[in-house]
Amino acid sequence: MTRIELDRATVEVPTDTGGRVLLHPTTLTLTERRVAVIGPNGSGKSTLLRLLDALLEPTGGTVRVDGLDTRHQPAAIRRRVGFVFTDPAAQLIMPTLREDVQLSLRRTTPRRQRADRATEVLDALGLGPLADQSVFDLSAGERQLGALAVVLAVDPALLLLDEPSTLLDLPNTLLLRRTLDRLDQQVLISTHDLDLAAGCERVLVLDGGRVVVDDAGPAAVQAYRRRTAERLLPGGRG
Ligand SMILES: Nc1ncnc2c1ncn2[C@@H]1O[C@H](COP(=O)(O)OP(=O)(O)O)[C@@H](O)[C@H]1O
Ligand SMILES: [Mg+2]
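This section reports on the structure supplied with the text. Nothing here was measured: the structure is a model prediction, and the numbers come from that model. As a convention, each chain's residues are numbered from 1 in the sequence order in which they are written. For naming, the first written chain is A and the first written ligand is 1, with later ones following in the order written. Reporting in this predicted model follows two pLDDT cut-offs: at least 70 for local features of residues, and 80 or more for side-chain atom pairs to be given and counted; totals over whole chains, interfaces and linings ignore these cut-offs and use all residues. Hydrogens are left out, water is left out, and the side-chain values use all remaining heavy atoms of the structure.

## Here's the deal with the side chain of Ser 190
Turning to step 1, where the next piece is worked out: A helix here means a DSSP run of H or I that spans at least four residues, while a strand means a run of E at least two residues long, and both kinds are numbered starting from the N terminus. For Ser 190, the location among the structural elements is in strand 8 (residues 186-190).
Turning to step 2, where the next piece is worked out: Under the scheme applied here, a residue whose accessible area is under 20% of the maximum for its type counts as buried, over 50% as exposed, and between as partly exposed, the area being computed with a 1.4 Å probe on protein chains only. Judged by relative accessible area, which is 0%, Ser 190 ranks as buried.
Turning to step 3, where the next piece is worked out: We define a polar contact as two N or O atoms separated by no more than 3.5 Å, with the added condition that, inside protein, one atom must be a possible hydrogen donor and the other a possible acceptor, whereas residues neighbouring each other in sequence contribute only through side-chain atom pairs. Within polar-contact distance, the side chain of Ser 190 engages the side chain of Asp 162 at 2.7 Å.
Turning to step 4, where the next piece is worked out: By definition in these notes, contact holds between two residues if any of their heavy atoms fall within 4.5 Å. Setting aside its immediate chain neighbours within four residues, Ser 190 contacts Val 37, Lys 45, Leu 49, Leu 161, Asp 162, Glu 163 and Pro 164.

Take a look at the structure:
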C-alpha cells in the first residue's frame, strides 16, 4: 500500500482581508486500501486531495507519499498517483475517449500495445460502444466515466477521485462503485455518496478545513449525519 503522511500540513491562501486557511494543520498517516473524504461543500476535500498529487503545495508542514515529499518530488509522485477530477473536461482533451486513453498510455505503454489496452480499459467501464463517438455527444456521466478510464489506463498505485459520482445516474453510480470495489489499487475518494463512504475502511470527515472525524466507514458516516442534523435543527448548534 502507498503510505500517505501529512505532518502539520497546512494550506493558507492570501486574500484581500489578509489570508484564509483552507486546511488547518493536519497530521495523519493513511495506509488503508479504501479511504473516503466526506464533508459539506467548501470543507476542504478537494484541497486535501490536491495536496496528495502535488497539484497544490502545503504552505506549512509536509505531505509525503511513499516517503516522497510533494514539494520536492512532484514528478515521482505523479507516476504513482492518478487524479480523477470532478470536471471531466479537465481530463478529456481529444475528440474521442479512445484517443484520450491512448494519449494517456503514451506515458506507460509501448505503442503496439496501446490499442488493445485502451479497448480493455474502456470495455471494463462499459464505454466500448462510446469509445469512438465525439466526446461532445456524450452525457456528463459518460464523460465522467471516461475521465476515470483515462486515469485507470496507466494503472496508478494510488487513485485519487474528487467527487467522481456527482454527475452519474443510479446505474452508473453502481457501476462506479463496483468498478472501485474490484480495483487492486489503493483508492482515496472524496464523495457525497455516503453509502460508498460507509463501505470504506477509513473515512475522514472534513469541516471548515479541519478533519473533525476520523473513523471506520459506518461510524464516520453516522457521525457526519449526526453533526449535520444537529446543525440544521432549530436552536441547534452552529
Ligand atoms: N485559491 C483559493 N483562494 C481562496 N479560497 C479558495 C481557493 N481555493 C479554494 N478556496 C476555498 O476553500 C474552501 C475549500 O475548498 P475545497 O477544498 O474545494 O472544498 P470542497 O472540495 O470540500 O468543496 C472553499 O470555501 C473554497 O471556496
Ligand atoms: Mg471539492
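Right, picking up where we left off after that structure.
## Details of the pairing of strand 8
Turning to step 1, where the next piece is worked out: Strand 8 sits mainly inside the fold: 5 of its 5 residues count as buried.
Turning to step 2, where the next piece is worked out: Alternating residues of strand 8 divide into Gln 186, Leu 188 and Ser 190 and Val 187 and Ile 189, and every residue in both groups is buried.
Turning to step 3, where the next piece is worked out: Two strands pair under a simple rule: DSSP has to find at least two bridges between them. Direction of pairing for strand 3 (residues 34-38) relative to strand 8: parallel, over a ladder of 4 bridges. Of the residues in strand 8, the one forming a bridge with Val 35 is Leu 188.
Turning to step 4, where the next piece is worked out: In the sheet, strand 7 (residues 158-162) pairs with strand 8 via 5 bridges, with the strands oriented parallel. When the bridges of strand 8 are listed, Leu 160 appears paired with Leu 188.
Turning to step 5, where the next piece is worked out: With its strands directed away from the observer, a crossover is right-handed exactly when the path from the first strand over the helix to the second travels clockwise. Following the backbone out of strand 7, through helix 6 (residues 170-182) and into the adjacent parallel strand 8, one traces a crossover that is right-handed.

## A word on the site of ligand 1
Turning to step 1, where the next piece is worked out: Contacts to ligand 1 come from Val 13, Arg 20, Leu 22, Pro 40, Asn 41, Gly 42, Ser 43, Gly 44, Lys 45, Ser 46 and Thr 47.
Turning to step 2, where the next piece is worked out: Here an oxygen atom of ligand 1 sits 2.8 Å away from a polar atom, N or O, in the side chain of Lys 45.
Turning to step 3, where the next piece is worked out: Accessible areas in this description were obtained via Shrake-Rupley with a 1.4 Å probe; residue shielding takes into account the shown protein chains only. Considering ligand 1 on its own, with 570 Å² of exposed area, one finds that the protein chains cover 60% of that surface.
Turning to step 4, where the next piece is worked out: Elements represented by at least two residues in the shell around ligand 1 include exactly strand 2 (20-30) and helix 1 (45-52). A cutoff of 4 Å decides nearness: a residue is near a molecule or strand if any of its heavy atoms lies inside that distance of it.

## Thoughts on the pairing of strand 9 (residues 202-207)
Turning to step 1, where the next piece is worked out: Strand 9 sits mainly inside the fold: 6 of its 6 residues count as buried.
Turning to step 2, where the next piece is worked out: With burial as the criterion, each face of strand 9 is covered, one bearing Arg 202, Leu 204 and Leu 206 and the other bearing Val 203, Val 205 and Asp 207.
Turning to step 3, where the next piece is worked out: Here strand 3 runs beside strand 9; their pairing, made up of 4 bridges, is parallel. In the strand pairing of strand 9, Ala 36 is matched with Val 203.
Turning to step 4, where the next piece is worked out: Hairpin connection between strand 9 and strand 10 (residues 210-215): a loop of 2 residues separates the two successive antiparallel strands, and Gly 208 in this loop has a positive phi of roughly 55 degrees.

## As for the packing of aromatic side chains
Turning to step 1, where the next piece is worked out: The pairing test for Phe, Tyr and Trp rings, Trp by its six-membered ring, is centres within 6.5 Å, and the orientation test on the planes gives stacked under 30 degrees, edge-to-face over 60, and tilted for anything in between. Enumeration over the complete set of coordinates arrives at 1 aromatic pair.
Turning to step 2, where the next piece is worked out: Plain terms: the ring middles of Phe 83 and Phe 85 are 4.6 Å apart, the flat faces sit at 40 degrees to each other, and that makes the pair tilted.
Turning to step 3, where the next piece is worked out: Residue Phe 83 is classed as buried on the basis of its relative accessible area, which comes to 5%.

## Points about unusual backbone geometry
Turning to step 1, where the next piece is worked out: Positive phi values are uncommon outside glycine, yet Arg 8 reaches one of about 50 degrees.
Turning to step 2, where the next piece is worked out: Mapped onto the fold, Arg 8 is located in strand 1 (residues 4-13).
Turning to step 3, where the next piece is worked out: Judged by relative accessible area, which is 52%, Arg 8 ranks as exposed.
Turning to step 4, where the next piece is worked out: Residues other than glycine seldom take positive phi values, yet Asp 155 does so here, at roughly 55 degrees.

## Some words on the nonpolar core
Turning to step 1, where the next piece is worked out: Membership of the largest hydrophobic core comes to 44 residues, with the highest contact counts inside it found for Ile 38, Val 101, Leu 127, Leu 148, Leu 159 and Leu 161.
Turning to step 2, where the next piece is worked out: In terms of residues, this core owes the most to one element, helix 5 (residues 140-152), which gives 7 residues.
Turning to step 3, where the next piece is worked out: Look past the residues within four positions of Leu 161 in its chain and what remains in contact with it is Leu 49, Val 84, Leu 148, Leu 180, Val 187, Leu 188, Ile 189 and Ser 190. In these notes, a set of buried Ala, Val, Leu, Ile, Met, Phe, Trp, Tyr and Cys residues joined through side-chain atoms within 4.5 Å is what counts as a nonpolar core.

## Considerations on the packing of helix 3 (residues 97-105) against helix 5
Turning to step 1, where the next piece is worked out: Axes, fitted as lines to C-alpha atoms, cover a helix only where it is in contact. Angles between the N-to-C directions of the axes lie from 0 to 180 degrees. Running from amino to carboxyl end, helix 3 crosses helix 5 at an angle of 25 degrees, the nearest separation of the two axes being 8 Å. Judged by the angle between their axes, helix 3 and helix 5 are roughly parallel. Two packed elements cross with a definite hand, and for helix 3 against helix 5 that hand is right-handed. From helix 3, Leu 97, Asp 100, Val 101 and Ser 104 reach across to helix 5, where they touch Gly 146, Ala 149 and Val 150.
Turning to step 2, where the next piece is worked out: Residues were grouped as follows: Ala, Val, Leu, Ile, Met, Phe, Trp, Tyr, Cys and Pro as nonpolar; Asp, Glu, Lys and Arg as charged; and all remaining residues, including Gly, as polar. Here the residues of the contact of helix 3 with helix 5 are counted per class, giving 4 nonpolar, 2 polar and 1 charged. By the definition adopted for this analysis, an angle is roughly parallel if under 35 degrees, roughly antiparallel if over 145, roughly perpendicular if from 65 to 115, and oblique otherwise. Crossings are assigned a handedness: left-handed for a near helix turned anticlockwise from the far helix by less than a right angle, right-handed for a clockwise turn.

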